[in-house]
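Here are the chains, one letter per residue:
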Amino acid sequence: KAFLTAWRWIHGLPIDLRLFIASKTFLNEEKTVKEDIQPFLDSMKHQDLNLLIHFIMDVQNHPLSKPLESISLPSLFIAGGKDLFAPARRSEEMHSKIKNSEILVIQEASHNIVQEEAEVLAGKMFDFLANKFSDVFTRLTGQHALTEKNIDETLTKVKESLLEADVPFEVV
């Protein structure tokens with residue numbers, strides 16, 4: 001009960017003070033935009049603390065071997081070297097279990113890696129998808145003539161690649 005009271009008190013502090021505390025624990029303050037992180041920090045006051053603690057423990061201790069070894073789809077793992085909630089070592093372990101995977105660890109990034117390293121992440125994800133698509137388009141350009149059938153096959157492969165990559169797109 002005392003911990004919960006302290007938790008709510010901390011998350012009721014002014015944003016600049018909460019940002020300072022967060023920068024000492026799980027954020028890279030130099031690369032975090034206050035207005036972008038504030039909604040997240042505001043929401044923490046209302047989080048179920050027991051659920052959050054269980055989630056963090058599960059991330060740290062989840063058994064990885066069997067389910068991951070069955071994955072054959074190309075996978076990209078992205079991790080922050082200073083992420084305390086989802087440590088890079090866990091991403092490295094998962095990467096080692098999936099045959100067709102790549103990993104990017106940004107040593108100075110925290111759990112807030114998406115905001116801290118947006119350009120690096122966008123570049124890596126673009127390259128990852130472009131490499132997947134290059135095989136599809138190589139097959140298409142190797143055709144003597146473009147037909148409705150080989151264009152449809154190519155678009156089907158592109159849609160499959162996007163679904164595998166968990167990229168939302170409208171299916172028509």
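Along each chain, the written sequence defines residue order, and numbers are assigned to residues from 1. Given that the model is predicted, a residue must reach a pLDDT of at least 70 before its local features are reported, and side-chain atom pairs must reach 80 or more before they are shown or counted; all residues, however, enter totals for whole chains, interfaces and linings. Values reported for side chains reflect all heavy atoms of the structure, with hydrogen atoms and water molecules removed beforehand.

Draft legend 1. Layout of the packing of helix α1 (residues 2–10) against helix α4 (residues 49–61). In this analysis an axis means a line fitted to C-alpha atoms, helices contributing only their contacting stretch, and an angle means the value between N-to-C directions, from 0 to 180 degrees. Per the convention used, a helix needs a DSSP run of H or I reaching at least four residues, while a strand needs a run of E reaching at least two, with both numbered from the N terminus. As a packed pair, α1 and α4 sit with axes 11 Å apart at the nearest point and diverge in direction by 95 degrees. Here α4 runs roughly perpendicular to α1, going by the angle between their axes. Contacts between α1 and α4 involve Phe3, Leu4 and Trp7 on the former and, on the latter, Leu49, Leu52 and Ile53. Along the lines of polarity and charge, the residues of the contact of α1 with α4 split into 6 nonpolar, no polar and no charged. Throughout, the term roughly parallel applies to angles under 35 degrees, roughly antiparallel to angles over 145, roughly perpendicular to angles from 65 to 115, and oblique to all others. Any two residues whose heavy atoms approach within 4.5 Å at even a single point are treated as in contact. Gly is put with the polar residues, along with every residue not named as nonpolar or charged; the nonpolar set is Ala, Val, Leu, Ile, Met, Phe, Trp, Tyr, Cys and Pro, and the charged set is Asp, Glu, Lys and Arg.

Draft legend 2. Fine view of the pairing of strand β1 (residues 75–80). Strand pairing requires that DSSP identify at least two bridges connecting the strands. As paired elements, β1 and strand β2 (residues 101–106) share 6 bridges and run parallel to each other. In the sheet register, leucine 76 faces β2, and the bridge partner there is glutamate 102. Handedness of a crossover is defined as follows: orient the strands so they point away from the viewer, and if the path from the first strand over the helix to the second runs clockwise, the crossover is right-handed. Between β1 and its parallel partner β2, the chain crosses via helix α6 (residues 88–97), and the hand of that crossover is right-handed.

Draft legend 3. View of the nonpolar core. Residue types Ala, Val, Leu, Ile, Met, Phe, Trp, Tyr and Cys, when buried and joined through side-chain atoms within 4.5 Å, form a set referred to as a nonpolar core. Type-normalised accessible area, obtained with a 1.4 Å probe on protein chains alone, sets the label of each residue: buried when under 20%, exposed when over 50%, and partly exposed for intermediate values. Grouped together as the largest cluster of nonpolar side chains are 7 residues: Ile15, Leu19, Ala22, Phe26, Leu27, Ile37 and Leu41. The set of elements that each furnish at least two residues to this core consists of α2 (15–25) and α3 (34–44). The element best represented in this core is α2, accounting for 3 residues. Not counting residues up to four positions away in its chain, the partners in contact with isoleucine 15 are Lys34, Gln38 and Leu41.

Draft legend 4. Molecular detail of α2. Taken together, the buried positions of α2 are occupied by Ile15, Arg18, Leu19, Ala22 and Ser23. Across the axial projection of α2, the buried residues extend over an arc of 140 degrees, all falling on one side. Buried residues along α2 sit in contact with α1 and α3. By definition, the arc is the one covered by directions from the helix axis to the C-beta atoms.

Draft legend 5. Expanded view of the packing of α2 against α3. Packing of α2 against α3 leaves a shortest axis separation of 11 Å and a crossing angle of 90 degrees. The angle between the axes of α2 and α3 places the two elements in the roughly perpendicular class. Along its contact with α2, which presents Ile15, Asp16, Arg18, Leu19 and Ala22, the element α3 presents Lys34, Ile37, Gln38, Leu41 and Asp42. A class-by-class count of the residues in the contact of α2 with α3 yields 5 nonpolar, 1 polar and 4 charged.

Draft legend 6. Looking closely at a nonpolar patch on the surface. Patch definition: residues above 30% relative accessible area lacking any salt bridge, with like charges linked at up to 9 Å and the nonpolar side chains Val, Leu, Ile, Met, Phe, Trp and Tyr linked at up to 5 Å. Note on areas: these come from Shrake-Rupley sampling with a 1.4 Å probe, and a residue is covered only by the protein chains present in the view. Think of a salt bridge as a Lys or Arg side-chain nitrogen and an Asp or Glu carboxyl oxygen that are within 4 Å of each other. A cluster of nonpolar side chains, namely Phe3, Ile53 and Met57, defines an oily patch on the protein surface of about 310 Å² accessible area. Along the chain, methionine 57 falls in helix α4.

Draft legend 7. Structural view of the side chain of glutamate 116. By the secondary structure assignment, glutamate 116 is in helix α7 (residues 113–116). Only four residue types enter the charge count: Lys and Arg as positive, Asp and Glu as negative, with His and the chain ends excluded. No salt bridge is formed by the buried glutamate 116, whose closest oppositely charged neighbour, lysine 31, lies at an N-O distance of 6.8 Å. By the criterion applied in these results, polar contacts are pairs of N or O atoms within 3.5 Å in which, for protein atoms, one can donate a hydrogen and the other can accept it, and in which residues neighboring in sequence qualify only through two side-chain atoms. A polar contact is formed between the side chain of glutamate 116 and the backbone nitrogen of asparagine 28, at a distance of 2.9 Å. Of the polar contacts made by the side chain of glutamate 116, one reaches the side chain of serine 110; its length is 2.4 Å. Residues in contact with glutamate 116, not counting those within four places in the same chain, are Leu27, Asn28, Lys31, Thr32, Glu108, Ala109 and Ser110.

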